[in-house]
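Single-letter residue listing:
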Amino acid sequence: MAGSMPLHLPGRPVSSGTGFLLAVVFTAVAIAARWIVDPWLGDQSALITLPAAVAAAAWVGGWPAAVLAAIVGYVACAYLFIGPSGGFGFYGIAGLFPMAAYAVSCVVIISLAEALRGLAARHERALLDRKRAGATRALLASIVATSDDAIVSKTLDGVIQSWNAGAERLFGYTAAEAIGQPITLIIPQERRQEELSILERLRRGERVDPFETVRVAKDGRRVDVSLTISPVRDDEGKVVGASKIARDISDRKHAEQALRDADRRKNEFLATLAHELRNPLAPIRNSLEIIKRADGDRDLLRQGRDAIERQVGHMVRLVDDLLDVSRITRDQLELRRTRVELASVVHQAVETCRPLAERENQTIGLRLPGEPVYLDADPVRLAQVFSNLLDNACKYTPPGGSIWLTAEALGDDVVVSVKDSGIGISPEELGSIFDMFARVDTTLERSRGGMGIGLTLVKRLVEMHGGTIEAHSEGAGLGSEFFVRLPVRTAEPAAREEPVAAADIEPGPARRRVLVVDDNVDSADSLATLMRLSGHETRIAYDGEEALAAAEEFRPEAILLDIGLPKLHGFGVCRRVRATPWGEDIVMVALTGWGQDEDRQRSKEAGFDRHIVKPVDYQALTELLGSLLAEKEGRTASN
Ligand code: ADP
């Protein structure tokens, strides 16, 4: 403790215990000193060494220690050194004088020491405060210097006084360039009024709530900032200027704008979607009316039927595209790659678009490489790419126009171009046509039918195949050309080529027992009617439990089962049928609106033979049924 004792007069005494201890030690030293000089002094000046001990005790231990030293010292010295040793040296009135003189000098010494201590304490406190203020200032300065925000101070006349590194970064002016300049240096012309009213409020000592505004950087760039401005006061509390913190909020502003744009595009898309889905309904309804009134007139019947077929086909394509886009945005679209020959894919795409081109009196020219070109691709998806491009070419080309599809091998790639003589695309629109929901001229395109997702799909599919797509157009009215570049697979014997379209499947024997289950009554009834027209025996059920009962009683060879059924869903029906002794070999096909991979997986687990996404192409369905039934029969026969 004594070791940590400061050398200067301490502002605070040591703890009282230590103080008393030291007082006793000092007194003992003083007595020892008096004892050493006793042979020379004799009875004289018995208390001579004590004031030093009292002063020392007052110095380190404060007044209580000093008083202790004074009393203990007096008693000991009086006993040891006054009169005959062993007495207390108190000899009548005369002895009172030295005692009083001693007491007075002790009081003076102790008072002096206490006064000095007070001074020292004040001095120490002042030093400490100054040190603290210095550290705080240094900390503040470092916060300001390293802050990402621009921190600037200005006078009440709007003259810049300080300018941190954040301000240099945000506004592009160095501190040397900015300090001394008016703050209007970074305020755009149309916001000057804002600054005047801010200065006015600052002069009144008011704080300005944080607000968002725009500032301009040295290079003329406009910066979105959030500003917090507070008055700066001098020691008397008078407002002498203002500090201002500007935070760059450009990223947030851009994100907000992007959200607004996306929201607007989404709303436009929904409006278009409603429009596009409703569009085919009018001709379908009209055609149905025609069929109703045709009264056996074969031409009228065919006309109605063709129109319905076309319009339904259009709707199915729309819905398929929508589902694909939703899969793409969730990264759930999978390619089923195999070795395919380009020409077969292209021909398939051309055939898909031929009816549209013929109706519009357009010609489709085709030029393919002499040698077969093989790709490692998903034939269905690749055909979708080209038919989408051809479909657009027909859509955006006036009647009588021309469309060309050419393919050319270039090194390890093949480049397929789809070109038209149509309305063309202006340079500013070229950049965005592959964006989701991008439709160039909304008013114009409405009449052409389109939701702005076709090219998004195309681009994504091409990229998934490791390829690229580019659009070119000389401008409005000058036609368009799309280039798809795909990597070629090194040639292998053609024998391994996979067929593009599903192989022709022999339909099974004509008459089958088929149970159709769907809670959409029209859907169930129409499918059952078609089945009956194809010569099959049918039963219909509209919910899960009814389906089980019908299956039990009717013992069908095939069940076409919707999944989302009341009472018992399709998976449950399938499981229960499969669990019966008669249900094992029934062909069970799930017909559903859900086509994700996990839906297919669930169907498989429930025991379905196939999972087909609605709306079902009847021809394809009967072919599938035929092949499944034949397969089962083959298996049963071989058992
Ligand atoms: P949409 O369903 O609107 O056709 P797409 O994604 O297929 O959507 O095309 C996006 C936009 O690109 C179209 O709305 C159209 O303005 C433009 N476009 C696409 N293909 C052509 C083309 N061959 N000629 C002119 N414009 C085209």
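Here the structure is a predicted model, which is why all the values come from computation and not from measurement.

K.L.:
Give me helix α19 (residues 597-606): which residues, what numbers.
P.N.:
Every α-helix carries 3.6 residues per turn, so stepping three or four residues along brings you back to the same face. Restricting attention to buried positions, one finds in α19 the residues Asp-599, Ser-603 and Ala-606. The buried residues of α19 occupy an angular sector of 65° when projected down its axis, which confines them to one face. For α19, the exposed residues lying more than 90 degrees away from the buried face are Lys-604 and Glu-605. Of the surrounding elements, those touching the buried residues of α19 are α18 (570-578), β16 (587-592) and β17 (610-613).

K.L.:
So what's going on with the sheet that holds strand β10 (residues 413-420)? Which residues, and what values?
P.N.:
Pairing is mixed across the open sheet formed by five strands, whose spatial order is β7-β9-β10-β12-β11. Each edge of the open sheet is held by one strand with a lone partner, namely β7 (363-367) and β11 (468-473). When the angles between neighbouring strand axes are averaged without regard to direction, this sheet yields 15°. Taken together, the five bridges between β7 and strand β9 (residues 402-410) define a ladder with parallel strand orientation. Each bridged residue has a counterpart across the sheet, and for Gly-365 the counterpart in β9 is Trp-404.

K.L.:
Account for the pairing of strand β5 (residues 239-248), with residues named and values stated.
P.N.:
Taken together, the six bridges between strand β1 (residues 150-155) and β5 define a ladder with antiparallel strand orientation. Bridged to Ser-153 within β5 is Ser-243. For strand β4 (residues 222-233) and β5, the ladder comprises nine bridges, and the chain directions are antiparallel. Following the sheet pairing, Val-225 is matched in β5 by Asp-248. Hairpin connection between β4 and β5: a loop of five residues separates the two successive antiparallel strands, and Gly-237 in this loop has a positive phi of roughly 90°.

K.L.:
Explain the pattern of salt bridges to me, using residue names and the numbers behind them.
P.N.:
Applying the stated rule across the entire model yields 38 salt bridges. Between Arg-204 and Glu-200 there is a salt bridge whose closest N-O contact spans 3.8 Å. A salt bridge links Lys-253 to Glu-212, with the nearest nitrogen and oxygen atoms 3.1 Å apart. Of this pair, Lys-253 sits in helix α8 (residues 250-278) while Glu-212 sits in strand β3 (residues 208-216), and the two are 41 residues apart along the sequence. Owing to a relative accessible area of 24%, Lys-253 belongs among the partly exposed residues under this scheme.

K.L.:
Residue-level account of the packing of helix α11 (residues 342-359) against helix α12 (residues 379-395), with values.
P.N.:
Close contact between α11 and α12 brings their axes to 8 Å; oriented N to C, the two are set at 35°. Handedness of the crossing formed by α11 with α12: right-handed. Residues Leu-342, Val-345, Val-346, Gln-348, Ala-349, Val-350, Thr-352, Cys-353, Leu-356 and Ala-357 of α11 form the contact with α12, whose own contacting residues are Pro-379, Leu-382, Ala-383, Phe-386, Ser-387, Leu-390, Asp-391 and Cys-394. Across the contact of α11 with α12, the residue classes break down as 14 nonpolar, three polar and one charged.

K.L.:
Please give an account of the confidence of the model for the protein chain that cites residues and values.
P.N.:
Detailed reading of the predicted coordinates is not advisable wherever pLDDT is low. Across the protein chain, the average pLDDT comes to 85, with 90% of residues at or above 70. This model gives residues 443-447 a pLDDT under 50, and the stretch forms eleven contacts once residues within four places in sequence are excluded. Predicted confidence for residues 494-508 stays below pLDDT 50, and this span has 20 contacts to residues more than four positions away or in other chains.

Thresholds applied
- Residues numbered from 1 in each chain as written.
- Predicted model: local features only at pLDDT ≥ 70, side-chain atom pairs only at ≥ 80, totals over all residues.
- Heavy atoms only, no water.
- Buried < 20%, exposed > 50% of the residue type's maximum accessible area, 1.4 Å probe, protein only.
- Helix = DSSP H or I, 4+ residues; strand = E, 2+ residues; numbered from the N terminus.
- Arc of directions from axis to C-beta.
- Contact = heavy atoms within 4.5 Å.
- Pairing = 2+ DSSP bridges.
- Axes fitted to C-alpha atoms, helices over the stretch in contact; angles between N-to-C directions.
- Salt bridge = Lys/Arg side-chain N within 4 Å of Asp/Glu carboxyl O.
- Left-handed = near helix turned anticlockwise from the far one by under 90°.
- Nonpolar A, V, L, I, M, F, W, Y, C, P; charged D, E, K, R; others polar.
- pLDDT = per-residue confidence, 0-100.

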